[in-house]
Each structure stands twice: as structure tokens, then as C-alpha cells.
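Listed below are the residues making up each chain.
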Amino acid sequence: MNADQLIQYLSWAVYLAIFAQVSLRALRRPLAANVDIALFFVCSTVIILLSAAQAAGVVPRSPLLLALESSLLLSLPFLLLRLVDDFSAAPGWLLRAAGVALAIFIVITFATAGHAPAWLPAPELVYLIGLLGYLTSAFWREARRTRGVTMRRMRAAAFGCLWLTVQFVLIGLSLGARQASGLLSPLADLAGLLSGVSYYLGFAPPALIRRAWQEPELRSFLSGAARLPRLPDTASILQAMERGAATSVGAPHASIGLWDDAAGVLRFALDTEEYALDPHSGAITGRAFLDQRALYSDNITRDSPGTATIGVARGVRALLIAPITAGERRLGVLVVYAPRAPIFAEEDLALAQLLADQAAVVLESRALIDEAARVRAREEVARLKEDFLSAAAHDLKTPLTTLVAQTQLLERKARRMPDAPADLPSIERLVSEAQRLRTLVLELLDATRAEQGRLVSRREAIDLAEAAREVCARRCSARHPCDVVAEGPVIGEYDPVRILQLTENLVENAVKYSPDGGPVELKVWREDGWNHLTVSDRGIGIPPADVDRLFERFHRGENVDDRRFAGMGLGLYICRGIAEQHGGWIRAEPRNPGGSTFHVALPGPGHEGDHDHG
Amino acid sequence: MADAPILVIDDDPAILSTVTDILEFEGYQVEQARNGVEGLAHVAGALPRLVLLDMRMPVLDGWGFAGALRARGIHLPILVMTAAQDARRWAQEIGADGYIAKPFDVPALLLAVEGLVG
């Protein structure tokens, strides 16, 4: 037995083995793709058997057998074209044209059996090689569009077409150059063997090869999974897991539906829109979730009537679904989509379940991280509240100390020296500390109302310019001359008590933070439907770092000496509450040079209730 | 020593005046200071027999004042008076001889003062 024969026998053996396997598969699962694959190998095997039988003299060489042999050979690229269509999509006109051409060739071949015209092999070769060229590029394009195992399968199919083309070219050459056929025909056999193996790997890879081809993507997904729970939000985590699952299986898309217990639906984020699926609607996805087992559908129109249109609109025909479950907690489902059923194999169900389990671990970790963050936030709120209470208590104790001690001292004095004249300085101190205590208590109450959004009650039409003048008249002094700039009345529907309080607070601050004296200027005007009020001073100003935190509860400026400027740090917090609860805003604007401006804007008439500004 | 004044250090003017009045009404001599730095200036002259010390003050607080005294090797009885809840711990921290929490009753203040100057 020479090398030529060895290659030939080996090639026959490989084709027979593949033929046996794909035929069995087609019988077990008669999907279009499985049948087409089986037909392809049936044709190849019959060609091999016929030529072997004729070579061995078992069957006499007859023109009819020869015609059958060449008809089968001509059918091969047509079957491959159908496989392209099974895996992605081949143009309809090409399928029809190739079918018609094949039929014509077969008719001519049989009609002229035994006396075939000399010109016939030429168009036959053009047909074969042309179609194979198209098939090679079609599978190669498909390989570039797909990922993971599917990409590798499509590449193998493209190589199969390439080797088959080479085989036909070599056969054509050997027909044309008889003297070289001794060298060319073993090479043609070798190309045929390679193409057979490539097609086998591409169209019907054994489970072992399939798993090996899935491994790189799966490995990369699993190794990155530990980082996923730390992604900024759940949507990013889901997207990363969907990408990883699709690539690992070799499908173009995957989607995770999270179980919403309150609404009783699975929520999917499809592209930009959200889709809610009632698991009891009969869709296969819902069944997989309810039964808690992985399911496979090669035809969603059949298995998910009702919801199939969504998938079909996205070019989906086959699904793998695996429940995502952590212990007893049903978190959702992982759905892997494919445009064509043969992209998946049954073994992929186990892979989908593995990926869904991984998703469960990631989602549970995320839930734990979120819970820890919530606990920290609650602790922070509790701590702030405690700080607030202890600061408030401290501030209240200071005037209270004077009140308690001073009244007890007056009592002692009155008992020991009943005839002594009234101690006016002590009484004045009592009055002023009592007022201080009242201010603090009212401030605390207002801060609580501000927090609860209950600062504004009765509204009526008031003139901001008039309010500004009223406050100015009360606060004006030689050290702090106060001036109001307003072109006319600026009317709005506001709570008059709160507007006066707001204006007074701002003017009081302007005076307080101009310890060396200086003018305070108020401006009131109307602009674009908003009423504006600014209060400007030439005092100590606001450090840039404080501008943003100025209106927070208990915040006081870096440059504010705690004892020199009495107050609890609640004034501006209350001012912000008053402005915002009127639908307006307040901000601080440092003045150049020196001093600060506080700017309040409130919605004017016809603008009430507009909360979009600020 | 019996004639030496009691030094009251507190940044709140109303409390400072009231405590001064209370002590003077009982016959004590009183010196006033509004923060630790002013307090140290008083100590630099004649030593007071007792210091009534507020803790949270601008410029130099109670801890700073007590530390400065220690650094100068001056030992004086100190009565901490503070509105903070940690009055007891703060008094221990600076090695004070006693503490009284604001707001206090006059008899309690006088009792504490007598206990330290007696």
C-alpha cells in the first residue's frame, strides 16, 4: 500500500465515521441544520463508496453510476449553501439560482450519461468553484461577526470550503493534465480529507472540542467575575454579565431578567427599554424560572407564543434559559439568545446553568455590598443626629447657665438684703439671656420644620421691596447703614412671616459679619418671571471652600470665630429651606473686593410652583 | 493666700459676669479672663488661690491653659465648669481637682469652691 492509497483509505474512514455520527444526530434531533449536515456527509460518503467499489471492481463502471457520482458531487456546494442559511442567512435569490443551476446540471448529466459533451466539465467547475468561493467568504464573514465557540466553528467551516475548493481545483487540473494526475490526485484526496475534518468540526463538533473552544471566553469571564460586584451600579454589573455569558456560549446576545417580588414579574433591560415578563404567561423563560430548571428552545415562535414577537423582532430564533438562584432565593433568569438554533448544542444548557450560578454569586455579593453601604449610611445619619443634639444641647445650656445662676443669686441677695435696690445690670443680663434662649429654641424648631418641609404655611401677595425696606429700617445703624435699591414693587405670593425672617436673617448676617462696620445693600428686582433679592456687605466674606457647605445644617465658615459670632449655624440652613419651599433658591456669591452677597430668587406671579430652577 | 483672688475663665460674657457676682457676693476676690491666654496673663502676676475653668474657648482652650500651667511648673487648684457631657472625663484629662456641669445651682458651685479653697 503506497502513501496515495493510505491517504485515500484514511479519508474514507474519516468520512464514514463522521457520516455515522451526524446521521445518528439527525435521526435523534431532526433539525434543519442536522438534516443538512447529514445530507452533506451522505453525499460525500456515497461518492466515496461508489468510487471505491468501482476501483475495486465490485461494481462495474457504468455511465449511470458516473452520472450519479457527478450529480452528488455537484450537490455538495448547494447543501453547504443551505447550511450557511441554517447558521446565519444566505440570500434567497442565491439559494434559488444555485438550486436551478444544480437541477439543470443533473438533468444534462443524466440525459447525456455515457456520451457527456466535452464542454460540460467547464461550466460545472465554474459552478462548483464559484459557489465554494462564495461559501468560504460567507463563513469567514460569519466568523468575524460572531464570538467564542461560534466564531471558531464558522472559521472551521470556512476552512472546509477552502479545502474543498482546493480539492476541486486539483481534480480539475488532473483532468486537464493526465500526465500529472499521479501527483495531483493524492493531493486532491488530502485536501478532501482536510475539508471533511474541517466541516465536521464546524458543523458538528464533538462535545470535547466544543468545550475546549468555549474555554478561553469562559475562563476570562470567570476570572473577571470577582471584580463585577464592585462596578458602580447594578445595570453595569448586569451588562458585564450578559456580555460574558453571551461570549462564553458563543451567542451574540444574553440578557438577565431580575425577579421583582412586589410586582411578580421578571424585569429585563432590552437595549434602552425595560421589559417586564409575567412568568405565568406561558413563555418558556417564565417556565424555566417557575420550574427552576434550565431550558432550551430552538424555536421561540413555537415555545413562547405571545412573547416570541419581541425576540423575532431582534432576529432571535433560539434560546437557552437558566434560573439564577442563590440558595432559596430566586433572583431571576439568564437568557442566552441566538439567531439560529444550531449555534447551540444541548451541552450548552449545563454551561448556561454554570453561568447563571456565577451570576447568582455576583448578584448576592452586590446585595451584601449594598446592604453594608446602607448600614454605613444609617450609622452616619444617626451620628449626625447625635452631633446635632449634643451641639444643640450645649448651645442651649450656655444661656440657661446664666439664667439659673443669676436668678438664684438674685434670690439670695433678696433674702439677705431685702432692702437693697433692684440690681438692674443682673436683671438686664437675665432679659438678654432669656431672649437668646428664645432665639435658639425658635431656630431649632424652624430647623426641624425646614427638614420636614413645613416652613411655608399661609401665602399672600406681598411686596419684596417693602419687606426689604421694613427689615432695613429695623436693622439700620450708623455703623451699618442699610440701603434698599428697588425700581418699584416686586410682588409675589409668599408666606409673609417667612419672607421677613429670610430677609432679616440675611441682613443680620451681613451686620454680624461686618464687625468693623460697613454698609449693607439690598437689591430687589424682577427678571424672566422670577423675583430676586440680594443682600450685600463688605464684611469678612466667605472662603471659597465654604461656599458650597454654607447652607448645610450646623455649618459655619472657616473664618468664623465660634464665640465672636454667636449662633448655632442654623440660620442659612433655615434660609435655604424658606427659599426652596417657596419653589426658589438661594446662593452665596463672594464679593470682590471683600464681603459677600446672598442671592435669593423666588418664582414670580404666574411662575408659582416651578421647582426646576436652582 | 487667703486674700488671693479666684480666677474665672469663661468666654461667655454673661456667665463670666454672673459667676463673678456670685463669688463676690460671698466675699471672694475675683479676677476675670475670657480665654486661656488672658488667664495665663493673670497667673503670671499673683497666683490665684483657685481657677474656675471653662473648657471650650477660642484662642486658648481649657486643655491648652492647663498644659501651659504644667509646662511652667505651676500647680493650682482647678475647678472645671463646662456644659459638655464629658465634664468628668475632661476634668480628669487635665488633672483638675473638681468639675461642675453647666447649668449649675449656686449652692453647688459655692460648695465646690469652698471645698477647694478651704
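Because the structure is a prediction, the values reported are computed rather than measured. (Residues numbered from 1 in each chain as written. Chains lettered and ligands numbered in written order. Predicted model: local features only at pLDDT ≥ 70, side-chain atom pairs only at ≥ 80, totals over all residues. Heavy atoms only, no water.)

1. Topic: the overall build of chain A
Spelled out, the test is: Think of it this way: any DSSP run of H or I at least four residues long counts as a helix, any run of E at least two long counts as a strand, and we number them from the N terminus. The classification of residues rests on relative accessible area computed with a 1.4 Å probe and restricted to protein chains. Under 20% of the type maximum is buried, over 50% is exposed, and intermediate values are partly exposed. Each accessible area is a Shrake-Rupley result for a 1.4 Å probe, and residues are judged covered by the shown protein chains and nothing else.
Helix and strand counts for chain A come out as 17 helices and 13 strands. In chain A, buried positions account for 47% of the 614 residues. As presented, chain A carries roughly 30400 Å² of accessible surface, and 59% of it is formed by carbon and sulfur atoms.

2. Some points on the pattern of salt bridges
All names here are of chain A. To be explicit about the condition: One speaks of a salt bridge when a side-chain nitrogen belonging to Lys or Arg is within 4 Å of a carboxyl oxygen belonging to Asp or Glu.
Per the stated rule, a full pass over the model turns up 37 salt bridges over all chains. Note that arginine 302 is salt-bridged to aspartate 303, the shortest N-O span being 3.1 Å. On the basis of relative accessible area, aspartate 303 is assigned to the buried category, the value being 15%.

3. Concerning the interface of chain A and chain B
So the rule is basically this: Note on contacts: a residue pair is in contact if any heavy atoms of the two residues lie within 4.5 Å. When two parts are brought into contact, each loses some accessible area as probed by a 1.4 Å sphere; the total of that loss over both is the buried area. Identification of polar contacts relies on pairs of N or O atoms within 3.5 Å, with a donor-acceptor requirement for protein atoms, meaning one able to donate a hydrogen and the other able to accept it, and with residues adjacent in sequence counted only if both atoms are side-chain atoms. Gly counts as polar in this scheme, as do all residues outside two lists: the nonpolar Ala, Val, Leu, Ile, Met, Phe, Trp, Tyr, Cys and Pro, and the charged Asp, Glu, Lys and Arg.
At the interface, 21 residues of chain A touch 22 residues of chain B. The junction of chain A with chain B conceals about 2000 Å² of combined surface from both sides, 60% of it contributed by carbon and sulfur atoms. Here chain A and chain B share 4 salt bridges between them. Residue B:Asp21 pairs with A:Arg429 through a salt bridge whose shortest N-O separation is 3.4 Å. Run the count over chain A and chain B and you get 11 residue pairs in polar contact (both at pLDDT 80 or more). Put simply, the parts of the chain that give the side of chain A that touches chain B at least two residues each are helix H13 (348-416) and helix H14 (424-452) of chain A. When residues of the side of chain A that touches chain B are assigned to their parent elements, the largest contribution, 14 residues, is made by H13(A). Here the residues of the side of chain A that touches chain B sort into 5 nonpolar, 7 polar and 9 charged.

4. Some remarks on the packing of aromatic side chains
Working definition: an aromatic ring pair is given by the centre-to-centre distance plus the angle between the planes. All names here are of chain A. This is how the line gets drawn: Working definition: rings of Phe, Tyr and Trp (its six-membered ring) pair if their centres are within 6.5 Å, and the pair is stacked with planes under 30 degrees apart, edge-to-face with planes over 60 apart, and tilted otherwise.
By the definition in use, this model includes 12 aromatic pairs over all chains. Plain terms: the ring middles of phenylalanine 40 and tyrosine 199 are 4.8 Å apart, the flat faces sit at 75° to each other, and that makes the pair edge-to-face. Here the residue phenylalanine 40 occupies a position in helix H2 (residues 32-55), and tyrosine 199 occupies one in helix H7 (residues 181-203), the gap between them amounting to 159 residues. With 6.5 Å between their ring centres and 35° between their planes, phenylalanine 268 and tyrosine 275 make a pair best called tilted. A residue is classified by how much of its surface remains accessible, and tyrosine 275, at 23% relative accessible area, is partly exposed. Three or more aromatic residues joined by ring pairs make a cluster, and in this case those are Tyr15, Phe40, Phe41, Phe139, Tyr199 and Phe203.

5. A closer look at the confidence of the model for chain A
Close reading of the predicted structure is inappropriate where its pLDDT is low. All names here are of chain A. In plain terms, the rule: pLDDT is a per-residue confidence score from the predictor, ranging from 0 to 100.
Within chain A, residue pLDDT values average 85, and 95% of them lie at 70 or more. Taken together, the stretch residues 561-566 has pLDDT below 50 and engages in 15 contacts with residues farther than four places along the chain or on a different chain. Low confidence marks residues 608-614, where pLDDT is under 50. Its contacts with residues over four positions away, or in another chain, come to 12 contacts.

6. Considering the nonpolar core
Residue and element names in this part refer to chain A. Selection criterion: As used here, the term nonpolar core means buried Ala, Val, Leu, Ile, Met, Phe, Trp, Tyr and Cys residues forming a set that is joined through side-chain atoms within 4.5 Å.
By size, the foremost hydrophobic cluster in this structure holds 84 residues, and its most contacted members are Leu80, Met241 and Phe344. With residues up to four places along the chain from it excluded, the contact list for phenylalanine 344 reads Arg210, Val249, Ala251, Tyr296, Ala318, Leu319, Leu320, Val336, Tyr337 and Ala338. Formed by 43 residues, the second largest nonpolar core is a distinct cluster that contains Phe388, Ala465, Val547 and Phe551.

7. Observations regarding the packing of H13(A) against helix H5 (residues 106-117) of chain B
Threshold: Axis geometry follows a simple rule: fit a line to the C-alpha atoms, using only the stretch in contact for helices, then measure angles between N-to-C directions, giving values from 0 to 180 degrees. The cut-offs work like this: below 35 degrees is roughly parallel, past 145 is roughly antiparallel, 65 to 115 is roughly perpendicular, and the gaps in between are oblique.
One way to put it is that H13(A) packs onto H5(B) with a least axis distance of 9 Å and a crossing angle of 85°. Between H13(A) and H5(B), the interaxial angle falls into the category roughly perpendicular. Judged by residue contacts, A:Ala405, A:Gln408, A:Leu409 and A:Arg412 of H13(A) engage B:Val106, B:Pro107 and B:Leu110 from H5(B).

8. Points about the sheet that holds strand S3 (residues 273-277) of chain A
Strand pairing within a sheet occurs via backbone hydrogen bonds; the two strands may be parallel or antiparallel. Residues and elements named next belong to chain A. Let me state the cut-off plainly: Strand pairing is assigned whenever DSSP identifies at least 2 bridges connecting the two strands.
Spatial ordering of the open sheet is given by S3-S2-S1-S6-S5-S4, a layout of 6 strands whose pairing is antiparallel. Both edges of this open sheet fall to S3 and strand S4 (295-297), since each of them pairs with a single strand only. Taking each pair of neighbouring strands and ignoring which way they run, the sheet shows an average axis angle of 25°. The pairing of strand S1 (residues 253-260) with strand S2 (residues 265-270) spans 4 bridges and is classified as antiparallel. Bridge assignment links glycine 257 to a residue of S2, and that residue is phenylalanine 268.

9. Concerning the sheet that holds strand S1 (residues 6-9) of chain B
All names here are of chain B. In space, the 5 strands of this open sheet follow the order S2-S1-S3-S4-S5, with parallel pairing throughout. On the outer flanks of this sheet lie strand S2 (30-33) and strand S5 (98-101), each paired with one strand and no other. For this sheet, the mean inter-axis angle between neighbouring strands, taken without regard to orientation, is 20°. Where strand S4 (residues 78-82) meets S5, 4 bridges bridge the pair, whose relative direction is parallel. Bridged to valine 80 within S5 is tyrosine 99.

10. Looking at the state of the cysteines
Residues and elements named next belong to chain A. Let me state the cut-off plainly: Pairs of cysteine sulfur atoms within 2.5 Å are identified as disulfides in what follows.
In this structure the tally under the stated criterion is 1 disulfide over all chains. The side chain of cysteine 472 participates in a disulfide bridge whose partner is cysteine 482; the two sulfur atoms lie 2.2 Å from each other. Sign of the S-S torsion, about -55° for the bond between cysteine 472 and cysteine 482, identifies this disulfide as left-handed. Residue cysteine 472 is found in helix H15 (residues 464-475), and its partner cysteine 482 is found in strand S8 (residues 482-486); the two are separated by 10 residues along the sequence.

11. Looking at the environment of A:Val169
Checked against the element boundaries, A:Val169 lands in helix H6 (residues 148-176). Sequence separation of A:Val169 and A:Ile129 is 40 residues, and the distance between their C-alpha atoms is 7.6 Å.

12. Quick notes on the pairing of strand S3 (residues 50-53) of chain B
Residues and elements named next belong to chain B. Heads up, the condition is: Look down the strands so they point away from you; if the path from the first strand over the helix to the second goes clockwise, the crossover is right-handed.
By the alternation rule, side chains of S3 split into Leu50 and Leu52 and Val51 and Leu53, which are all buried. In terms of strand pairing, S1 meets S3 through 4 bridges, oriented parallel. Bridge pairing in S3 places valine 8 opposite leucine 52. Relative to S4, S3 is paired through 3 bridges, and the arrangement is parallel. The residue bridging leucine 52 from the neighbouring strand is leucine 79, located in S4. Each parallel crossover has a hand, and for S3 linked through helix H3 (residues 62-71) to S4 it is right-handed.

13. Quick notes on a nonpolar patch on the surface
Quick reminder of the rule: Like charges within 9 Å and nonpolar side chains (Val, Leu, Ile, Met, Phe, Trp, Tyr) within 5 Å are joined into patches, using only residues over 30% in relative accessible area that form no salt bridge.
Nonpolar side chains collect at one region of the surface, where A:Trp140, A:Phe159, A:Leu162, A:Trp163, A:Val166, A:Leu183, A:Leu187, A:Leu190 and A:Leu194 lie side by side and expose about 770 Å² of accessible area between them. Those elements that place two or more of their residues in the nonpolar patch are H6 and H7 of chain A.

14. Remarks on unusual backbone geometry
The peptide bond linking B:Lys102 to B:Pro103 adopts the cis configuration, its omega dihedral lying at -10°. Examined against the element boundaries, B:Pro103 turns out to sit in the loop between S5 and H5. Located in the positive-phi region is A:Gln292, a residue other than glycine, with phi close to 55°. Secondary-structure assignment places A:Gln292 in the loop between helix H10 (284-291) and S4. Given the relative accessible area of 24%, A:Gln292 is considered partly exposed.

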